[in-house]
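# Residue-level structural notes
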Amino acid sequence: MPSHPLLPLLQQNRAWSEAMHAKDADFFSRLTRQQAPEYLWIGCADSRVPANEIVNLQPGELFVHRNVANVVVHTDLNCLSVLQFAVEVIKVKHIIVCGHYGCGGVHAAMMNKKLGLINNWLRHIQDVSQKYDSHLSSIIEESARTDRLCELNVIEQAVNVCQTTVVEGAWERGQELHVHGWIYRLNDGIIRDLKMSVSCTEDITAIRDEAAHKLFSKPPLWL
């Protein structure tokens, strides 16, 4: 009789649990007592971008929401519920929107590929592409143009986070909260800070414009 196809995952889970117990006998009991991360990570669902691992944080230290191409839509109750819980209950101090170079969702949006249902989701990225069309159209190489759109998409999704009622409400209450835009490079494992960091409503537009214009003078995958 063939073994269950998911048996290796269960075995690996047991091995991981035993290794964690051996390393820190109190690890799991501490996890059950509280959840108090300072960070909310909004990232891409791509399996090559595991949030905790690339910033070297343990379970319980990073609250995470992921979707295709790290998009923040004001009608997405899933994302907004995570955001509200993180800000109002956990009271995170930092929200990080992190994209990655070579994002398949961003590339599909840029190339206007017909993929069915997901095209409705990718439409939000196409809005970003159209906004910056004069700049993007000047980049000849397709992969470089995709990577620039990945960067600009992070900036615009960070703006969307800032403009949610959840974040606006936190700032109106005087709650300490910072929104950041980062991008991850798969082939070296390094995160780049896109200089999109906002701490109040009044600064959103100026910081967004400055972050975007800084990119225009740099090649994609800048170091």
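Given the structure is predicted, the values throughout are model-derived calculations rather than measurements. (Residues numbered from 1 in each chain as written. Predicted model: local features only at pLDDT ≥ 70, side-chain atom pairs only at ≥ 80, totals over all residues. Heavy atoms only, no water.)

## Some thoughts on the nonpolar core
As a rule of thumb, nonpolar side chains are buried together in soluble globular proteins. Leu40, Leu83, Ile95 and Val161 are the most contacted members of the largest nonpolar core, which has 53 residues in total. In contact with Leu83, not counting residues within four places along its chain, are Leu40, Ile95, Val161, Thr164, Val166 and Val167. Counting eight residues, the second-largest nonpolar core is a separate cluster that includes Val49, Ala51, Ile96 and Tyr184. (Core = buried A, V, L, I, M, F, W, Y, C linked by side-chain atoms within 4.5 Å. Buried < 20%, exposed > 50% of the residue type's maximum accessible area, 1.4 Å probe, protein only. Contact = heavy atoms within 4.5 Å.)

## Section: the layout of surface pockets
The calculated volume of the largest pocket comes to roughly 340 Å³. Considering the residues around the largest pocket, the lining is formed by 15 residues, among which Phe27, Arg30, Leu31, Pro59 and Glu61 are closest to the centre. The set of elements that each furnish at least two residues to the lining of the largest pocket consists of α1 (7–23) and α2 (27–33). The biggest single contributor to the lining of the largest pocket is α2, with four residues. Of the residues assigned to the lining of the largest pocket, the class counts are six nonpolar, four polar and five charged. Of the voids in this model, the second largest pocket is the one considered here, and its volume is about 200 Å³. When grouped by side-chain class, the residues that make up the lining of the second largest pocket number three nonpolar, three polar and one charged. (1 Å grid on protein atoms, 1.4 Å probe; cavity = no way out; pocket = protein on both sides within 12 Å on 5 of 7 lines; lining within 4 Å. Points joined across faces, edges and corners; volume = space filled by probe spheres on them. Helix = DSSP H or I, 4+ residues; strand = E, 2+ residues; numbered from the N terminus. Nonpolar A, V, L, I, M, F, W, Y, C, P; charged D, E, K, R; others polar.)

## Things to note about the pattern of salt bridges
Counted by the stated rule, this structure contains eleven salt bridges. When the shortest N-O distance is used, the salt bridge between Glu151 and Arg148 registers 2.5 Å. On the criterion of helical spacing, the pair formed by Glu151 and Arg148 is a turn pair, its members being three residues apart in helix α8 (residues 142–162). Residues Glu151 and Arg148 agree in their burial class; the two are buried. A salt bridge links Arg192 to Asp188, with the nearest nitrogen and oxygen atoms 3.2 Å apart. Classification of Arg192 as buried rests on a relative accessible area of 7%. Judged by relative accessible area, which is 36%, Asp188 ranks as partly exposed. The network of salt bridges with shared partners includes Lys131, Glu156, Arg208 and Asp209. (Salt bridge = Lys/Arg side-chain N within 4 Å of Asp/Glu carboxyl O.)

## What to know about the environment of Ser17
If you trace the backbone, Ser17 turns up in helix α1. Spatially, the C-alpha atoms of Ser17 and His213 are 47 Å apart, while their sequence positions differ by 196 residues.

## Points about the side chain of His180
Assignment of secondary structure puts His180 in strand β4 (residues 178–185). By relative accessible area, which is 14% here, His180 ends up buried. A distance of 2.9 Å separates a polar atom in the side chain of His180 from a polar atom in the side chain of Ser197. Excluding residues within four positions of it along the chain, His180 makes contact with His94, Ile95, Ile96, Val97, Ala158, Met196 and Ser197. (Polar contact = N/O pair within 3.5 Å; in protein donor to acceptor, adjacent residues only side chain to side chain.)

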